[in-house]
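Below are the chains, spelled out letter by letter.
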Amino acid sequence: MIAVWAQVCYVVAAVCFILALKGLSSPKTARRGNLVGAFGALLAVVVTFIAYDIDNLGWILLAVAFGAVGGAMGARRVAMTAMPQLVALFNGVGGGAAALVALLELSEPARAGITRPAGFGDDGWFAYSPLAESGGHTESEILRMVDLLSTGTLTATAFTVLIGAVSFSGSTVTFLKLQELMTGRPITFPGGPIVFGAVLVAAVGLGLWAVATGSVTLAIILALVGLLAGVLLVLPVGGADVPIVISLLNAFTGLAVAAGGYVLENALLLVAGTLVGASGTILTRAMAHAMGRSVSSILFGAFKGGSTAGGGEASDRPVRSAGPDDVAIMLAYARKVIVVPGYGLAVAQAQHTIRELVDLLEKRGVEVGYAIHPVAGRMPGHMNVLLAEANIPYEQLLEMDTANGQLRTADVALVVGANDVVNPAARTSPGSPIYGMPILDADHAGAIVFLKRSMRPGFAGIENELLFDPKTTLLFGDAKASLTALVSALKSL
Amino acid sequence: MTEGVALLTVFVLAVFVGFEVVSKVSSTLHTPLMSGANAIHGVILVGAVIVAGTADEAGVLVVALIAVVLATLNLVGGFVVTDRMLEMFGARRPEAAAKDGAE
């Protein structure tokens, strides 16, 4: 057992984590909250180096330096649009680390030649625990190793290994999807759910077997099955649901870390992991709710069947398109324009150009606001971050309810690189996979202008009826190029 | 086994704290909150360091060091990327804005 002062420091660190989550829940305190969390983590790590008897110090510090530089550089350099996949990646490596830690802990008694008799009962075993075969280990070390092989600790070990592996591979797949290294669409194959079910049953069976025997080999096989389960879990999830799965896997990693804390008898890991597991679960539900979905529908059978049929293909129905000059005139002589920004805006890095356009319009006396859908961008709240980066005043960002009120009286809704979040099918066609998702009622505005690259459907892969509405005008092209053209057209009016 | 029960108690209480602490969060902050929570579980670094610190074979040490690197990536990267997101919500930085605008 480690020194009391160190345990007290762990309590302080745990309080820091609680305050961090609390702070992160409110815009005013969010940044401070994050710093408090970072301080807690730093304290915990420093205390660990001092309080535990740490060998291989040079190597460990080297590894820490390597990870710290890599993590900080990745986090600093990544484009804000690529943030969601980076978070997925960080989450995955955390899960992987937890699984490795648990495996190594389990291997310790085996390497010392201590095994446990097969079965689930511990009674009678502790009595004859093989103190005699000490092999250079102290009595307390041996007692610790015997404890590692108790049923309770082995259960926690198996849990950490399995869930950590699921989180690692699942997050890796979400990373690949969001980075567009593989298709972002749901991947299903015949019998997929049966295969997944079989893998889950195998995982539970293997887990029980590993607990009953304390076998390292079985635990490694369990990790491999976990990796497979993670891949199968995420493959059928596609489109706008991917971020919700990141949040779910985040909660998973938290639980894996918590169980790892039980294995290591480290209360800090237990508390930190549990906090993340619990808050992550709530957050996942809140995110799913913002999209009008349930978590189970996302994981099992969302976007299934014919819903994405024809997804990714351009429709050849007639639409009305216009040049930048016509659109500029529409905007300049409107009284109120509501901008609906979407991921296309961010991809084109057009946040600054849209701001220029809005400034020009405001100079002409046009009232302008930004309607922010909760899941605009690739993650809830992502769009707020992207627009804030372009120094767009906070007051101009309208949350959905306010925005929908404003859209009713707006002359023009300018939809830039968004699609699914203004698709009226969410309100009107119960058969649509996005039915029930709250949307921005761009169709209530006097006129709608879409800046789009092509007629291809949005992230969810569903055709948008609004594009064919008589009130709608389309301006084709890359968002940034179109906005630049609009700006120069406005200037010359 | 009282040690185990004590840890179980801590676990149950932490579940309730975790539920409670994020119960009222605006959707604007979902992404930073997720990212911040993600950073917090990087504290598994503590576990990785403990395991690496007791490794007495080269093979074990190598695996433990991999765990240390992965956990540090999670911990440091997580807090830095969260801070970067939240920076955008905070005070405006005119010089940075000018630089961005010039691109």
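Residues numbered from 1 in each chain as written. Chains lettered and ligands numbered in written order. Predicted model: local features only at pLDDT ≥ 70, side-chain atom pairs only at ≥ 80, totals over all residues. Heavy atoms only, no water.

As named in an unreviewed UniProt entry, chain B is proton-translocating NAD(P)(+) transhydrogenase, taken from Jiangella asiatica. Listed in UniProt under the heading Subcellular location (unreviewed entry), the comment for chain B reads: "Cell inner membrane". Turning to chain B, the UniProt record has this under Function (unreviewed entry): "The transhydrogenation between NADH and NADP is coupled to respiration and ATP hydrolysis and functions as a proton pump across the membrane." (UniProt positions renumbered as here; feature names shortened; annotations may be inferred.)

As named in an unreviewed UniProt entry, chain A is NAD(P) transhydrogenase subunit beta, taken from Jiangella asiatica. What UniProt states about chain A under its Subcellular location (unreviewed entry) heading is, verbatim, "Cell inner membrane". Turning to chain A, the UniProt record has this under Sequence similarities (unreviewed entry): "Belongs to the PNT beta subunit family."

Trainee: Any chance you could break down the sheet that holds strand 4 (residues 412–416) of chain A for me, citing the residues and the numbers?
Mentor: Taken together, six strands build an open sheet; the order of strands is 3-2-1-4-5-6 (chain A) and the sheet is parallel. Strands at the two margins of the open sheet, each flanked by one partner only, are strand 3 (397–398) and strand 6 (472–476) of chain A. (Pairing = 2+ DSSP bridges. Helix = DSSP H or I, 4+ residues; strand = E, 2+ residues; numbered from the N terminus.)

Trainee: So what's going on with empty space enclosed by the protein? Residues and values would help.
Mentor: Over the atoms a probe the size of a water molecule is rolled, and this reveals where empty space is left. Residue and element names in this part refer to chain A. For the structure on display, the rule yields two cavities of 30 Å³ or more. What the second largest cavity holds in volume is close to 60 Å³. If you trace the second largest cavity, you find it lined by Leu106, Leu154, Thr157, Ala158, Ala210, Val211, Ala219 and Leu222. Elements supplying a minimum of two residues to the lining of the second largest cavity: helix 6 (151–178), helix 7 (192–213) and helix 8 (216–234). Take the lining of the second largest cavity: its biggest share by element is three residues, from helix 6. For the lining of the second largest cavity, the per-class residue count stands at seven nonpolar, one polar and no charged. (1 Å grid on protein atoms, 1.4 Å probe; cavity = no way out; pocket = protein on both sides within 12 Å on 5 of 7 lines; lining within 4 Å. Points joined across faces, edges and corners; volume = space filled by probe spheres on them. Nonpolar A, V, L, I, M, F, W, Y, C, P; charged D, E, K, R; others polar.)

Trainee: Residues and numbers for the environment of Leu474 of chain A, please.
Mentor: All names here are of chain A. Structurally, Leu474 is set in strand 6. The buried category is assigned to Leu474, whose relative accessible area is 0%. Expressed as a C-alpha distance, the spacing of Leu474 and Pro324, which sit 150 residues apart in the sequence, is 9.9 Å. Non-local contacts of Leu474, meaning those with residues more than four positions away in its chain, are made with Val319, Arg320, Ser321, Ala322, Phe450, Lys452, Met455 and Leu467. (Buried < 20%, exposed > 50% of the residue type's maximum accessible area, 1.4 Å probe, protein only. Contact = heavy atoms within 4.5 Å.)

Trainee: I'd like a description of the interface of chain A and chain B, backed by residues and values.
Mentor: Counting residues at the interface gives 100 residues for chain A and 78 residues for chain B. Roughly 8,000 Å² is buried in total at the junction of chain A and chain B, and carbon and sulfur atoms are behind 75% of that figure. Considering only the surface of chain A that becomes buried against chain B, Arg31, Arg76 and Leu104 of chain A emerge as the three largest contributors, covering 7% of it. Here chain A and chain B share four salt bridges between them. For the salt bridge of Asp83 of chain B with Arg76 of chain A, the shortest nitrogen-to-oxygen distance reads 3.9 Å. Our count for the chain A to chain B interface comes out at 16 residue pairs in polar contact (both at pLDDT 80 or more). (Buried area = accessible area lost by both parts, 1.4 Å probe. Salt bridge = Lys/Arg side-chain N within 4 Å of Asp/Glu carboxyl O. Polar contact = N/O pair within 3.5 Å; in protein donor to acceptor, adjacent residues only side chain to side chain.)

Trainee: For the UniProt feature "transmembrane region" (unreviewed entry) in chain B, give the residues involved together with the corresponding values.
Mentor: Residue and element names in this part refer to chain B. Using the residue numbers shown here, the UniProt feature "transmembrane region" (unreviewed entry) corresponds to residues 6–23, 35–55 and 61–82. Between the first and last C-alpha atoms of residues 35–55 the distance is 32 Å; the span itself is 71% helix and 0% strand. Taken end to end, residues 61–82 is 100% helix and 0% strand, and its two terminal C-alpha atoms sit 31 Å from one another.

Trainee: Account for helix 18 (residues 479–491) of chain A, with residues named and values stated.
Mentor: Residues and elements named next belong to chain A. Spanning 13 residues, helix 18 covers 18 Å between terminal C-alpha atoms, matching the ideal 18 Å at 1.5 Å per step. Turning to helix 18, its buried residues number three or more, namely Ala479, Ser482, Leu483, Leu486, Val487, Ala489 and Leu490. Down the axis, helix 18 shows its buried residues gathered within 165° of arc, on one side only. In the core, the buried residues of helix 18 are packed alongside helix 12 (324–332), helix 13 (343–347), helix 14 (351–363), strand 4, strand 5 (447–452) and strand 6. Its side-chain oxygen at 3.1 Å from the backbone nitrogen of Lys480, Asp478 defines the N-terminal cap of helix 18. (Expected span 1.5 Å × (residues − 1). Arc of directions from axis to C-beta.)

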